[in-house]
Amino acid sequence: MGAAHISNRSEQPSRRWSRRGLLTALGIAPAAAVLSGCSGSADASEGTARTTASTKAAAKKPVVSVSPADGTRKAAFTEPVEVTVADGTLASVKVTGNDGSTLAGTFNAARTRWTSAKNPYSGTKYTVSATPEGASAQTATFTTRAPGETFVGYFTPEADSTSGVGMPVSINFSHAVTDRAAVQKAITVTAEPAVEVVGHWFGDTRLDFRPETYWAAGTKITLDLRLKDVEGADGVYGVQHKTVTFHIGREQISTVDLAAKEMVVKRDGATYATYPVSGGDPEHTTWSGIMVISERFKQTRMESSTVGLGDEYDIPDVPHAQRLTTSGTFVHGNYWASTGVFGHENTSHGCIGLHDTKGANDPSVPGYKFYDSSMLGDVVIVRNSGERTVDPDNGLNGWNLSWDEWRKGSAL
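Keep in mind that this is a model prediction, so the values were computed, not measured.

## Quick word on the overall build of the protein
Of regular secondary structure, the protein possesses 6 helices and 28 strands. Per-residue burial over the protein gives 41% buried out of 412 residues. Taking all contacts inside the protein whose residues are at least 6 apart in sequence as the whole, residues at least 24 apart take part in 62%. Working note: accessible area of the protein is about 21,500 Å², and carbon and sulfur atoms make up 50% of it.

Okay, here's the thing in structure tokens:
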């Protein structure tokens, strides 16, 4: 071809030029070359179009979407927060509540979606900050609705208190619980030194926790209440999110033998004291079984009408009274009976009495001494009373259930 011949500069130019060669030398392409040139222009246009499309695609900015949507005022708190991105990937996501809490979450494999590990809390305003790769952070806010009806759990013992080895962790709910598993799952009780702790339901408003045997002296107990937004019953949600600790003091276990009319107090396994007592008479027998001191009063009023005994007695200043059952059984001081009764006769209306003095200020008498040596959570065991074993939910007396029976009362 002529063009190829001209480009070979090592050859001598011919003295006679052909018309085709001359046109080529002058920069004028012959007809066949023009067609070929037109084809080349079309290819270039297509390449330019492809480049433009690629540039436009590369110029698209990542678009972040949040669920609940930005600006929502009454968002549901029963579903997780979700953040997605179109035309990009997510570098980071942070969700912060106006209460200072944060929601952790995970990305999918492609990092185009982030989902919170837990649901947002009710009645809380959240700010979502999502940063796509290579782009600026995008933000959104939403506020979750407040729950309708709510419930709380009132717990025993008190936070930071020290109790005896028989003290269970007892929680009474302000509303009947129908989803026991959901509520129990939201409550954990742990002990140091470690021991298995299991919950047991007494009806639909009370949940107690205890180990198989009494707590070890010196145990630290931690109660975690994670009830906030837990649906305990249809449309009824918990509101608590807190951690409290309790402590177990020394071990004191007192055994009352009403056949012998005697109480033996053991402290950390050794006999600490022995007191003569008087229990319930044949018509008002004292509950038998394991009981735990749940309330203590230096002095208190006792009226027979409050325990279904009419007007048989009304004593305004019973000294050193310590409650053993909800139904009204106490171990207490007694100043109105003859000293000869204690250790010899069972004459009470069901309580366990020790000799005491009016005014509760005499440290020499058994009533004062036993009260002074006791604390909430101490164990009092009653034997040979002529009465059946106390119901485990009559006071803090779940120790009367075997471990197998106790575990059967768990919802988990």
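Still more ground to cover, so stick around.
## Comments concerning the packing of aromatic side chains
A complete count under the given rule lists 9 aromatic pairs for this structure. Both rings, one in Phe77 and one in Tyr237, keep their centres 5.1 Å apart while their planes meet at 75 degrees; by these two values the pair is edge-to-face. Placement of the pair is Phe77 in the loop between strand E1 (63–67) and strand E2 (82–86) and Tyr237 in strand E18 (residues 236–238), with a sequence separation of 160 residues. For the pair Phe77 and Tyr237, a shared accessibility class is recorded, and that class is buried.

## Some details on the nonpolar core
For soluble globular proteins, the rule of thumb is that nonpolar side chains tend to be buried together. Counting residues in each nonpolar core, the largest one holds 34 residues, and the members touching the most others are Phe173, Val183, Ile187, Phe209, Leu223 and Leu227. Going through the elements one at a time, strand E12 (169–173), strand E13 (187–192), strand E15 (206–210), strand E16 (220–226), strand E19 (241–248), strand E23 (289–292) and strand E28 (379–383) are the ones with two or more residues in this core. Setting aside its immediate chain neighbours within four residues, Phe173 contacts Phe151, Val152, Gly153, Val183, Ile187, Trp201, Thr205, Arg206, Leu207 and Leu227. Core analysis: the second largest hydrophobic core is formed by 18 residues, Ala273, Val277, Met291 and Leu324 among them.

## What to know about the sheet that holds strand E6 (residues 113–116)
Two modes of strand pairing occur in sheets, parallel and antiparallel, and in both the strands are linked by backbone hydrogen bonds. Pairing in this open sheet of 4 strands is antiparallel, and the strands run E1-E2-E6-E5 from one edge to the other. Only two strands of the sheet have a single partner each, and these edge strands are E1 and strand E5 (105–107). Across this sheet, the average inter-strand angle for adjacent strands is 15 degrees, counted without regard to direction. Bridge count for E1 against E2 is 5 bridges, and the pairing is antiparallel. Bridge pairing links Ser67 to Glu82 in E2.

## Some remarks on the environment of Tyr126
Along the chain, Tyr126 turns up in strand E7 (residues 125–132). Residues contacting Tyr126, with those up to four places away along its chain left out, are Val95, Thr96, Gly97, Ser101, Leu103, Pro120, Tyr121, Ala140, Thr141, Phe142 and Thr144. A distance of 2.8 Å separates the side chain of Tyr126 from the backbone nitrogen of Tyr121, its partner in a polar contact.

## Quick notes on the sheet that holds strand E10 (residues 153–156)
Strand order in this open sheet of 4 strands is E10-E12-E15-E14, and the pairing throughout is antiparallel. Each having just a single partner strand, E10 and strand E14 (198–201) make up the two edges of the open sheet. If you compare each strand with its neighbour and ignore which way they point, the axes differ by 20 degrees on average. In the sheet, E14 pairs with E15 via 4 bridges, with the strands oriented antiparallel. Across the sheet, the residue bridging to Trp201 is Leu207, located in E15.

## What about the environment of Pro392?
Looking at the element boundaries, Pro392 is found in the loop between E28 and helix H6 (403–408). Along the primary structure Pro392 and Thr325 are separated by 67 residues, whereas in three dimensions their C-alpha atoms are 9.6 Å apart.

## A look at the environment of Val236
Position of Val236 relative to the elements: it lies in strand E18. Linking Val236 and Glu149, residues 87 residues apart in sequence, is a C-alpha distance of 4.8 Å. When residues no more than four places from it in sequence are discounted, the contact partners of Val236 are Glu149, Thr150, Phe151, His175, Val230 and Glu231.

## A word on the pattern of salt bridges
Under the defined criterion, the tally for this structure stands at 9 salt bridges. For Glu295, the salt bridge is made with Arg323, and the minimal N-O distance between the two is 2.6 Å. One end of the pair, Glu295, is in strand E24 (residues 295–303); the other, Arg323, is in strand E25 (residues 314–323), with 28 residues separating them in the sequence. Here Glu295 falls in the partly exposed class, since its relative accessible area comes to 33%. Salt-bridge contacts for Arg301 lead to Glu303; the nearest nitrogen and oxygen are separated by 3.6 Å. The network of salt bridges with common partners includes Arg301, Glu303 and Asp314.

## Quick word on the side chain of His320
With respect to the helices and strands, His320 occurs in strand E25. Note on His320: relative accessible area 3%, which makes it buried. A polar side-chain atom of His320 sits 3.3 Å from the main-chain carbonyl oxygen of Ala360. Setting aside chain neighbours within four positions, we find His320 in contact with Phe297, Lys298, Gln299, Val331, His332, Gly333, Asp356, Ala360, Gly367, Tyr368 and Tyr371.

About the cut-offs
- Each chain has its residues counted from 1, following the order in which its sequence is written.
- For this predicted model, a pLDDT threshold of at least 70 governs which residues receive local features, and a threshold of 80 or more governs which side-chain atom pairs are given and counted, while totals over whole chains, interfaces and linings are taken from all residues.
- In computing side-chain properties, one takes all heavy atoms of the structure into account and sets aside hydrogens as well as water.
- Secondary structure elements are taken from DSSP: a helix is a run of H or I of four residues or more, a strand is a run of E of two residues or more, and numbering for both begins at the N terminus.
- Partly exposed residues are those whose accessible area sits between 20% and 50% of the maximum for their type, while under 20% is buried and over 50% is exposed, using a 1.4 Å probe and protein chains only.
- Here, two residues are considered to be in contact whenever any of their heavy atoms come within 4.5 Å of each other.
- The Shrake-Rupley method, run with a 1.4 Å probe, gives the accessible areas here. Residue values count only the displayed protein chains as cover.
- The pairing test for Phe, Tyr and Trp rings, Trp by its six-membered ring, is centres within 6.5 Å, and the orientation test on the planes gives stacked under 30 degrees, edge-to-face over 60, and tilted for anything in between.
- Nonpolar cores are built from buried Ala, Val, Leu, Ile, Met, Phe, Trp, Tyr and Cys residues. Side-chain atoms within 4.5 Å join them into one set.
- Two strands pair under a simple rule: DSSP has to find at least two bridges between them.
- Axes here refer to lines fitted to C-alpha atoms; in helices the fit is confined to the stretch in contact. Angles between the N-to-C directions go from 0 to 180 degrees.
- Two N or O atoms count as a polar contact when they lie within 3.5 Å, although within protein this holds only if one can serve as hydrogen donor and the other as acceptor, and sequence-adjacent residues are included solely when both atoms are side-chain atoms.
- A pairing counts as a salt bridge when a side-chain nitrogen of Lys or Arg comes within 4 Å of a carboxyl oxygen of Asp or Glu.

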